[in-house]
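This is what each chain is made of:
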Amino acid sequence: GTKKKDCQYGTATLSVDAGDYFGEGRNCPSGEGSVTFGKYNSAGGDGATVTGGQSNAANEDASTVSGGNTNSANYWYSSVFGGNHNSANGVSSSVSGGEFNTADADKSSVYGGYVNRAEGKYSSAVGGKENVAAEEYSVVVGELETSCRDDNKFKDGKRTCAEVRKKNPDKILKFCNKKYLYNGKKIYLRDICVSTCGNC
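**A few points about the sheet that holds strand β12 (residues 102–103)**
Okay, step 1: One open sheet accounts for eight strands, arranged β2-β4-β6-β8-β10-β12-β14-β16; its pairing is parallel. On the outer flanks of this sheet lie β2 (28–29) and β16 (132–133), each paired with one strand and no other.
Okay, step 2: Looking at chain direction, β12 and strand β14 (residues 117–118) are connected through two bridges and run parallel. Paired with T102 across the two strands is R117, which belongs to β14.

**Overview of the packing of aromatic side chains**
Okay, step 1: Following the criterion strictly, the structure yields five aromatic pairs and no others.
Okay, step 2: Aromatic pair F154 and Y182: ring centres 5.5 Å apart, planes at 85°, arrangement edge-to-face. Here the residue F154 occupies a position in the loop between β18 (144–145) and α1 (161–165), and Y182 occupies one in strand β19 (residues 179–182), the gap between them amounting to 28 residues.
Okay, step 3: The buried category is assigned to F154, whose relative accessible area is 1%.

**Quick look at the side chain of S123**
Okay, step 1: Along the chain, S123 falls in the loop between β14 and β15 (124–126).
Okay, step 2: In this view, S123 contacts K107, S108, S109, A118, A133, E135, Y137 and S138; residues no more than four positions away in its chain are not counted.

**What about helix α2 (residues 169–176)?**
Two residues of an α-helix separated by three or four positions point the same way, owing to the 3.6 residues in each turn.
Okay, step 1: When we look at burial in α2, the residues that qualify are I172, F175 and C176. Looking down the long axis of α2, one finds its buried residues gathered within 95° of arc, a one-sided arrangement. The exposed residues of α2 that point more than 90 degrees off its buried face are D170, L173 and K174.
Okay, step 2: Contact partners of the buried residues in α2: α1, β19 and β20 (185–188).
Okay, step 3: Its side-chain oxygen at 3.0 Å from the backbone nitrogen of D170, N168 defines the N-terminal cap of α2.

Criteria and thresholds
Residues numbered from 1 in each chain as written. Predicted model: local features only at pLDDT ≥ 70, side-chain atom pairs only at ≥ 80, totals over all residues. Heavy atoms only, no water. Pairing = 2+ DSSP bridges. Helix = DSSP H or I, 4+ residues; strand = E, 2+ residues; numbered from the N terminus. Phe/Tyr/Trp six-rings, centres within 6.5 Å; stacked < 30°, edge-to-face > 60°. Buried < 20%, exposed > 50% of the residue type's maximum accessible area, 1.4 Å probe, protein only. Contact = heavy atoms within 4.5 Å. Arc of directions from axis to C-beta. Polar contact = N/O pair within 3.5 Å; in protein donor to acceptor, adjacent residues only side chain to side chain.

Structure follows, in structure tokens:
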């Protein structure tokens, strides 16, 4: 196909590019061994591939976008399989269609839906709208949270979710309704120790 003037082509690349009305290419495979099909797509990582659609970007090594519009795979081994305005931002993260979805943590995944986010490591958001799988290993299906786990990283002095769980019910309730500084902001303990506080 035709070449894009402002693209620094990598070595051993493949681009299927019909070009624009002026005969200039529209894809940019700048990573070594990268591949671009479709139009206005870019593959910036080594071994990265964009195999269709438009305005998609595979920005890191061995990342891939398999079509759709304005999707991006932004970390090693990440992938987006179609849809619109989706992004896979963690190592080995993936988004499978839908719109405005993001898989932000390593090994996280989003399967369709609208404005869903997978923020915890190994977490998954499946369908629905505006759902967040925030904890490690958590799963959100539609609007139903199917995993109820305490955040075991939380520690305030000697206080942890496990320590609170040992208290009597009245004290657990008191602790759960108190805010603690965690990750730079004040958060109710019930939103940290969700299993202990019965906030599933």
